[in-house]
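Residue strings, one per chain:
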Amino acid sequence: MPMHFKIITPLRTALEAEVLGVKLPGTDGEMEVMPGHTGIITSVANGELVYRPAAGEPVSLFVGGGFLQVENDNVLLVTDTAVSAGEIDTDSVSEAVERAQKALREKASVLSRQELVYLEAAIAKQMAMLEYRKHHRK
């Protein structure tokens, strides 16, 4: 029996589908959710998410950090990013990484701890996105 899977980002509902399973990057390591999974709320890291539609081949997406809730075969992922490899513009992402790294080098001494953490997290996410895109070229 399939699960109802929904991915929500700040800009859109990125996915809503009936699925047989979801593999995703938890902050404590990769995890898989299958029908009948116990209820859980957990954090999600940047990386590859693969879901198996009830009909069709597995589908891969890059997801940013967020939270996953599983309850009664309803799976909800709230994340800041959910994109396929084809949606990733490597030039734009590379430029964003360069800008963030430059800001980190040039302004580290005047940035607050919060700003430093934000820049470091942005760089890590963009680098993970580039790595994902590199492994999923078509």
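Each remark here, short or long, concerns the structure printed above.
Residues numbered from 1 in each chain as written. Predicted model: local features only at pLDDT ≥ 70, side-chain atom pairs only at ≥ 80, totals over all residues. Heavy atoms only, no water.

What follows deals with the overall build of the protein. Within the protein, the regular secondary structure consists of 2 helices and 9 strands. Mapped from its N terminus to its C terminus, the protein presents α and β elements in the order β-β-β-β-β-β-β-β-β-α-α. Counting only C-alpha atoms, the protein reaches 55 × 35 × 25 Å along its principal axes. Sequence separation of at least 24 residues holds for 50% of the intrachain contacts in the protein that already meet a minimum separation of 6. For the protein, the centre of its 14 positive side-chain charges and the centre of its 19 negative side-chain charges are spaced 6 Å apart. (Helix = DSSP H or I, 4+ residues; strand = E, 2+ residues; numbered from the N terminus. Contact = heavy atoms within 4.5 Å. Lys, Arg positive; Asp, Glu negative; His and termini not counted. Charge placed at Lys NZ, Arg CZ, Asp CG, Glu CD.)

In this section: the nonpolar core. Counting residues in hydrophobic clusters, the biggest one holds 20 residues, and the most contacted among them are F5, L49 and L68. Elements with a minimum of two residues in this core: β1 (3–8), β2 (13–26), β3 (29–33), β5 (47–53), β6 (59–63), β7 (66–71) and β8 (74–79). For this core, the leading source of residues is β2, giving 5 residues. Residues contacting L68, with those up to four places away along its chain left out, are L24, M31, V33, I40, I41, T42, V44, V75, L76 and L77. By size, the runner-up hydrophobic cluster in this structure holds 9 residues, among which are F62, A85, I88 and M129. (Core = buried A, V, L, I, M, F, W, Y, C linked by side-chain atoms within 4.5 Å. Buried < 20%, exposed > 50% of the residue type's maximum accessible area, 1.4 Å probe, protein only.)

The alternating pattern of β1 places M3, F5 and I7 on a buried face, while none of H4, K6 and I8, on the opposite face, is buried. Bridge count for β1 against β2 is 6 bridges, and the pairing is antiparallel. Bridge pairing links I8 to T13 in β2. Count of turn residues in the β1/β2 antiparallel hairpin: 4 residues. Pairing geometry for β1 and β8, over 5 bridges, is parallel. Residue pairing for β8: K6 is matched across the bridge by L76. (Pairing = 2+ DSSP bridges.)

Quick look at the pattern of salt bridges now. Within this structure, the stated rule accounts for 2 salt bridges. A salt bridge links R52 to E32; the shortest N-O distance between them is 3.2 Å. Taken together, the positions of R52 in strand β5 and E32 in strand β3 put the pair 20 residues apart, joining distant regions of the chain. A residue is classified by how much of its surface remains accessible, and E32, at 31% relative accessible area, is partly exposed. (Salt bridge = Lys/Arg side-chain N within 4 Å of Asp/Glu carboxyl O.)

Let us look at the packing of aromatic side chains. Inspection of every chain in the model, using the stated rule, returns 2 aromatic pairs. A centroid spacing of 5.8 Å and a plane angle of 50° characterise the contact between F62 and Y132, whose relative ring orientation is tilted. Within this pair, whereas F62 is found in strand β6, its partner Y132 is found in helix α2 (residues 113–135), the two being separated by 70 residues in sequence. (Phe/Tyr/Trp six-rings, centres within 6.5 Å; stacked < 30°, edge-to-face > 60°.)

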